[in-house]
Amino acid sequence: MTVRGIDHIGLTVPDLEAATRFLADALGAEVLYDTLPAGRGPVGGAETEQRLGVPPGTRQLAIRMLALPDGPGIELFAYDPPGRSPALPHDLGWQHLALYVDDLDTTLARAVEAGADPLAPPHPLPGPEAGPANRFAYLRTPWGSTLELVTYPDPQPYEEETARRRWRPRGVDGGGPCREHRRGPDG
């Protein structure tokens, strides 16, 4: 078995078109296709409820796949009835999406202009992730989900203690999705 990486992230949103605009304007995401076009839904019933583990009566209104410029896809889902309020960091389960960015300040400003609400100014990455230019910021999307923007162009202290490094986009310190690209041919 070989796990190669994240293919896509599923995200439930209250308004498919508004979420698409935000992700395009804030992060440069592009629409790839609609799995369930808005005009073809809703889709529901026992099979949908079992396959997705949703409460009885839940119907899918639309499903759209987007792609980030240098990353995984983001699959947007719209449901009727809408689910509970967005997950907060203290809730169980997957609770935020973190995106590596080259220019934190520019991306943060772009996200705010597109409708995100920053929770605080950018902070230095702590402890084993620290480095002079290594920083992060948390934001809330217009529908209330938590988004983290992170950049770590400088070496991180933990890297001195392990051969395994975190993913970096190609072009950032020779990054890439495989070990040979991260550490070079000699490890």
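One can find the structure itself at the top, above this paragraph.
The structure presented is a predicted model; accordingly, all values stated were derived computationally and were not measured.

Novice: Got a minute to help me understand the overall build of the protein chain in this structure?
Specialist: Assigned secondary structure in the protein chain consists of four helices and 10 strands. Sequence-ordered secondary structure for the protein chain, helices as α and strands as β, is β-α-β-β-α-β-β-β-α-β-β-β-β-α. For the protein chain, buried positions account for 35% of its 187 residues. Relative to all contacts within the protein chain whose residues are 6 or more apart in sequence, the contacts with residues 24 or more apart total 52%.

Novice: How do you make sense of the packing of aromatic side chains when you look at a structure like this?
Specialist: Where two aromatic rings form a pair, the distance of their centres and the angle of their planes describe that pair. Tallied over the full model, the rule gives four aromatic pairs. A ring pair is formed by phenylalanine 77 and tyrosine 79, whose centres lie 6.1 Å apart and whose planes are at 15°; its orientation type is stacked. The class of tyrosine 79 is buried, set by a relative accessible area of 16%.

Novice: How do you make sense of the environment of leucine 11 when you look at a structure like this?
Specialist: Along the chain, the position of leucine 11 falls in strand 1 (residues 8–12). C-alpha of leucine 11 to C-alpha of serine 145: the two residues are 134 residues apart in sequence and 9.0 Å apart in space. Residues within four places of leucine 11 in sequence aside, it is in contact with Ile74, Glu75, Leu76, Phe77, Trp143 and Ser145.

Novice: Whenever I open this one, the packing of helix 1 (residues 16–27) against helix 3 (residues 104–113) confuses me. Can you help?
Specialist: Packing of helix 1 against helix 3 brings their axes to within 8 Å, and their N-to-C directions diverge by 150°. Judged by the inter-axis angle, helix 1 sits roughly antiparallel to helix 3. Where helix 1 crosses over helix 3, the two elements pack in a sense that is right-handed. For the pair helix 1 and helix 3, the contacting residues are Phe22, Ala24, Asp25, Ala26 and Leu27 in the first and Thr107, Arg110 and Ala111 in the second. Broken down by class, the residue content of the contact of helix 1 with helix 3 amounts to five nonpolar, one polar and two charged.

Novice: Honestly, the pairing of strand 9 (residues 135–140) in this entry has me stumped. Any pointers?
Specialist: The two faces of a sheet get side chains in turn, since along a regular strand they alternate between them. Sheet topology places strand 7 (residues 117–118) next to strand 9; two bridges connect them, and they run antiparallel. The residue bridging aspartate 117 from the neighbouring strand is arginine 140, located in strand 9. Pairing geometry for strand 8 (residues 123–124) and strand 9, over two bridges, is antiparallel. Bridge pairing in strand 9 places proline 124 opposite arginine 135. When strand 9 meets strand 10 (residues 146–151), the two strands line up antiparallel, connected through six bridges. Its bridge partner lying in strand 10, arginine 135 is registered against threonine 151. Taking the residues that link successive antiparallel strands as the turn, the strand 9-strand 10 hairpin has five residues, and the phi of glycine 144 there is positive, at about 100°.

Novice: Please explain the environment of threonine 35 as it appears in this structure.
Specialist: Inspection of the secondary structure assignment puts threonine 35 in strand 2 (residues 30–36). Along the backbone, threonine 35 and methionine 65 are 30 residues apart, and their C-alpha atoms lie at a distance of 7.2 Å. Here threonine 35 is in contact with Arg40, Ile63 and Glu75, once residues within four sequence places are set aside.

Novice: Can you help me understand the pattern of salt bridges in this one?
Specialist: For side chains of opposite charge, pairing can occur when their charged atoms come near one another. Counted according to the given criterion, the structure contains five salt bridges. Between glutamate 47 and arginine 51 there is a salt bridge whose closest N-O contact spans 3.2 Å. Highlighted residues: glutamate 47 and arginine 51, both in helix 2 (residues 46–52), separated by four residues, approximately one helical turn. Arginine 51 sits in the partly exposed class, given a relative accessible area of 47%. Taking the shortest distance from any N to any O, the salt bridge between aspartate 80 and arginine 59 comes out at 2.5 Å. Remark: arginine 59 occurs in strand 4 (residues 59–67) and aspartate 80 occurs in strand 5 (residues 73–80); sequence separation between them is 21 residues. Residue classification places arginine 59 among the partly exposed positions, given a relative accessible area of 34%. A network of salt bridges, in which partner residues are shared, links Glu17, Asp34 and Arg64.

Conventions used here
- Residues numbered from 1 in each chain as written.
- Predicted model: local features only at pLDDT ≥ 70, side-chain atom pairs only at ≥ 80, totals over all residues.
- Heavy atoms only, no water.
- Helix = DSSP H or I, 4+ residues; strand = E, 2+ residues; numbered from the N terminus.
- Buried < 20%, exposed > 50% of the residue type's maximum accessible area, 1.4 Å probe, protein only.
- Contact = heavy atoms within 4.5 Å.
- Phe/Tyr/Trp six-rings, centres within 6.5 Å; stacked < 30°, edge-to-face > 60°.
- Axes fitted to C-alpha atoms, helices over the stretch in contact; angles between N-to-C directions.
- Parallel < 35°, antiparallel > 145°, perpendicular 65-115°, else oblique.
- Left-handed = near helix turned anticlockwise from the far one by under 90°.
- Nonpolar A, V, L, I, M, F, W, Y, C, P; charged D, E, K, R; others polar.
- Pairing = 2+ DSSP bridges.
- Salt bridge = Lys/Arg side-chain N within 4 Å of Asp/Glu carboxyl O.

That is the geometry; function is a separate question.
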